[in-house]
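Next come the chains, spelled out residue by residue.
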Amino acid sequence: MYIIRWHWCMGALRPFALLETGLELGGVPLDGGTQEGSQCPRHVLEEVQVLLLPPGGDPHRLPGVDDSSDRGASHPTLSRQREQRQVQIFQFCHRTQLKCVSNAVVAHKSLAEAILLCVVTLGEGGTVVLMDSSRILANYLLGVGRADCTGPVAEIPLMGYAKLDQVGGGLLMRLYSRAFIVAELDDSRRVVFVSADIGMMSQRVRLEVLRQLKSKYGELYRHDNVILSGTHTHSGPGGYFQYTLFWITSKGLIRPSLNAIVNGIVKSIDIAHQNMKRGRLFINRGTVENSQINRSPFSYLENPAAERSRYSSNTDKEMVMLKMVDENEQELGLISWFAVHPVSMNNTNRLVNSDNMGYASYLFEQEKNKGMLPGEGSFVAAFASSNLGDVSPNTKGPFCINTGDSCNNPESTCPMGGAKMCMAMGPGNDMFDSTRIIGQNIYSKARELYEQASQEITGPLSSAHQWVNMSDVSVELNATHTVKTCKPALGHSFAAGTIDGVGAFNFTQGSTEGDPFWDGIRDQLLGEPSNETKACHKPKPILFSTGEMTRPHPWHPDIVDVQIVAIGSLAIIAVPGEFTTMSGRRLREAVKREFDSHGAPGMDVVIAGLCNVYTHYITTYEEYQVQRYEAASTIYGPHTLSAYIQLYRELARSIATNTVQNLQRGPEPPFFSISNLTLVPSLIVDLVAVNKTFGDVLQEVRQQYQPTEVAEVTFVGANPRNSAENATEHNFLTVERYTSTSDSWHVVQNDASWDTRFYWTKGLLGRSNVTIEWHIPHGTEPGIYRIRYFGHYKRRLSNNLTISIPFEGTSSVFEITAP
């Protein structure tokens, strides 16, 4: 089958390539002209295609095509390429009649109407079919979906800063799972990418998600073709891990939190599955400025000077953006990968939210889903994590919070107060403002790349996956030298934290010697690390030898997922942790070289961070030597990066050579029998003061506001956990505007809105208050408004039986006037 495409544009008539079928267009034979000297711009206004089908060919069953000759980009031809299809392209520059060799002339008004413009007979019964390009150019089946995964917003420790007293106390923005399914047109293969607004993907979440998917879809969605990635917000509920270390700061395994994440991910995949459409993918990339710094620059400087000289920055500033549209050019969604920590909200925050990356998603989805509330609408925009290990959004850098002096030194310490005083600050006036600024920067670049995206992704789908025992990988550094990874262990500098969130006590970054005091306490409480583990991890002084700690369950995973998914010329490396800037660069280059050397040149390679199972950080060997926080948290030892590079090269090679089926599956990870093991206080009966009822207003709004002011109201409340555990996607609040023409109230904001804040304050003896703020944005339409609160209170029916009862409260009406 031959496919011949041309474009409408303005300028002189020049063919793009020879047309060898004898077809004439507009009476002008295309007999050897070239693009050289053409006045036609490369950006075209409209396009159509001519298909030469064999006798009996069905024009309604058109597979994808490889149109790399049109895009000016080198697309790989993988060994598992489908039947080769020749594509010839030419341009002409006037709306005109289409003259077929049969002399039948078809005039047209709009190419959008041209599903079948011209059918003629050629030679031995072949058929030329002129069709609308949006029908022809669909290369994949695409599905997108978004679902709530917020979970309980009160009393649950927030996951990320490992700060015991940082527990949820309300809601700033809801958390979402965003799912994207790509399938071949004949549906022979498909892949799934999920980006969830959580701290990181845990092995427990992945195992439970895959179990649910198998029960629903059989073998359609599997461990090898499903990638689950966390955005790395540090402001989401914790408690969704099965390994003991993470229980310490999360207060155990918290079933409501785990369920919310698992169910949200599965639901987002369900929605994407149910809305598969023929469509196209486009990739673009560009530089994001003023949004990141390297928070361990002294570690980065340990990398070879020759290597560093190849890069203009000590962070990866490049954003990679994948655009999805259906065959009718209707926008479906996007995935953006960019390396920055979502820690604009610092460790004093108690409001559940998705931080700067979530704010970028919020802006993009609000723009594309016009007239819809946040969390609603069909367009899905995921801002996913990448190699963000040493990358901070706090662009003002580290300062001593007690003196204002810089603490940008190898130990990140201050003369007075030590490491606890050294904190990095974002660009805004406070953490909310910094989140907004960084999120806006990320969104703006993504929007620019989205609008300009023209390089199309075509080609087959592949996925490669292995389970690997990362505590025992032999790594061939060269022909004569082999090293091994180690049993998991964390160093002293792990406890120091970072300039984004400092640790406790007197730990400092850059510690290459142990501390007799802390080592003695460790030995008494947890046991001394073995000599083998100490030697393997040098120069890391071990604080917790987690690979040798097994009670009540192992403290860290040994079995880890390594995975690559290829969508045509795009390779997504799903990494199980936080790669530093240079680690990510080395991994990308190694994988790209592997594709290049095995018959798949020109691959776009992107790292998706915090996927499938969490294994902390991955530094380079050189960065490991100075033992700042990221190196102390590289749990499998100094050769962790080399091991991963070796493993991912093997996956890339298997895809490029079509030998994925020969990969060893590896040892399956454990699934521990844990139902609910937590130190989070049990829910108690909610009570109110005398002469009060749930939802009563304690502090009213003012009668009048202007944009940029804050409307605030306080209600008699109840524990928000009652709502999270007894309702799905429950809204705690709405802001409503009165419409006089219909004498009705219409919701204009909800608790997923950036401009609303929901605070829960726990009192004594089961009493609590809820305060709702609406930060009235610029451009708010003048009129009459009110704020409503929705909750559930727990009531005891008998000694052994309690129920949750819904209630609501409503503020007085207030007016917003023009400024």
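Here goes a summary of the coordinates provided. Everything numeric in this text was worked out from a predicted model, so none of it was measured.

Our next topic: a nonpolar patch on the surface. A cluster of nonpolar side chains, F517, I521, L525 and L526, forms an exposed patch at the surface whose accessible area comes to about 390 Å². Summarising the element assignment, I521 is placed in helix α10 (residues 516-525).

Another aspect to go through is the sheet that holds strand β9 (residues 154-159). With antiparallel pairing, seven strands are arranged side by side in an open sheet as β14-β9-β10-β43-β44-β40-β38. Each having just a single partner strand, β14 (236-237) and β38 (697-699) make up the two edges of the open sheet.

The tendency in soluble globular proteins is for nonpolar side chains to be buried as a group. Grouped together as the largest cluster of nonpolar side chains are 111 residues, with contacts concentrated most on I265, Y644 and Y648. The element that contributes the greatest number of residues to this core is helix α15 (residues 640-656), accounting for ten residues. Counting residues in each nonpolar core, the second largest holds 32 residues, with F282, F338, F379 and A453 among its members.

It is worth spelling out helix α12 (residues 581-597) at this point. Given a rise of 1.5 Å per residue, 17 residues ought to cover 24 Å, and the 24 Å separating the end C-alpha atoms of α12 matches this to within 8%. All of the buried residues in α12 are T581, M582, S583, G584, R585, R586, L587, A590, V591, E594 and F595.

So, about the environment of G333. Here G333 shows up in strand β19 (residues 331-337). Given a relative accessible area of 0%, G333 falls into the buried group. Considered as a pair, G333 and A381 are 48 residues apart in the sequence and their alpha carbons are 5.3 Å apart. Apart from the residues lying within four places of it in its own chain, the contact partners of G333 are L322, K323, M324, F379, V380 and Y450.

In this section: the side chain of S385. With respect to the helices and strands, S385 occurs in the loop between β20 (380-384) and β21 (391-392). Overall, S385 belongs to the buried group, its relative accessible area being 0%. At a separation of 3.0 Å, a polar atom in the side chain of S385 contacts the main-chain carbonyl oxygen of G609. Setting aside chain neighbours within four positions, we find S385 in contact with S229, G230, T231, W337, F338, I607, A608, G609 and L610.

Cut-off values and rules
Going along each chain's sequence as written, the residues are numbered from 1 onward. Where local features are concerned, this predicted model is filtered to residues with pLDDT of at least 70; where side-chain atom pairs are given and counted, the filter is 80 or more; whole-chain, interface and lining totals use all residues. Hydrogens and water molecules were not included; the side-chain quantities draw on all heavy atoms of the structure. Only residues whose relative accessible area exceeds 30% and that form no salt bridge are eligible for patches; like-charged ones are grouped when within 9 Å, while nonpolar side chains (Val, Leu, Ile, Met, Phe, Trp, Tyr) are grouped when within 5 Å. Method for areas: the Shrake-Rupley scheme with a 1.4 Å probe, in which residue coverage is limited to the protein chains shown. Salt bridge, as used here: a side-chain nitrogen of Lys or Arg that lies within 4 Å of a carboxyl oxygen of Asp or Glu. Here a helix means four or more residues in a row that DSSP labels H or I, a strand means two or more in a row labelled E, and each is numbered from the N terminus. Pairing between strands requires that DSSP locate at least two bridges from one strand to the other. For this analysis, a nonpolar core means a set of buried residues of the types Ala, Val, Leu, Ile, Met, Phe, Trp, Tyr and Cys, connected via side-chain atoms within 4.5 Å. Throughout this description, buried means an accessible area under 20% of the type-specific maximum (1.4 Å probe, protein chains only), exposed means over 50%, and partly exposed covers the range between. Helix span, as expected, comes to 1.5 Å for every residue beyond the first. In what follows, residue pairs with any heavy atoms lying within 4.5 Å of each other are defined as contacts. Pairing of N or O atoms within 3.5 Å defines a polar contact, subject to two protein rules: one partner must be a possible hydrogen donor and the other a possible acceptor, and residues neighboring in sequence count only if both atoms are side-chain atoms.

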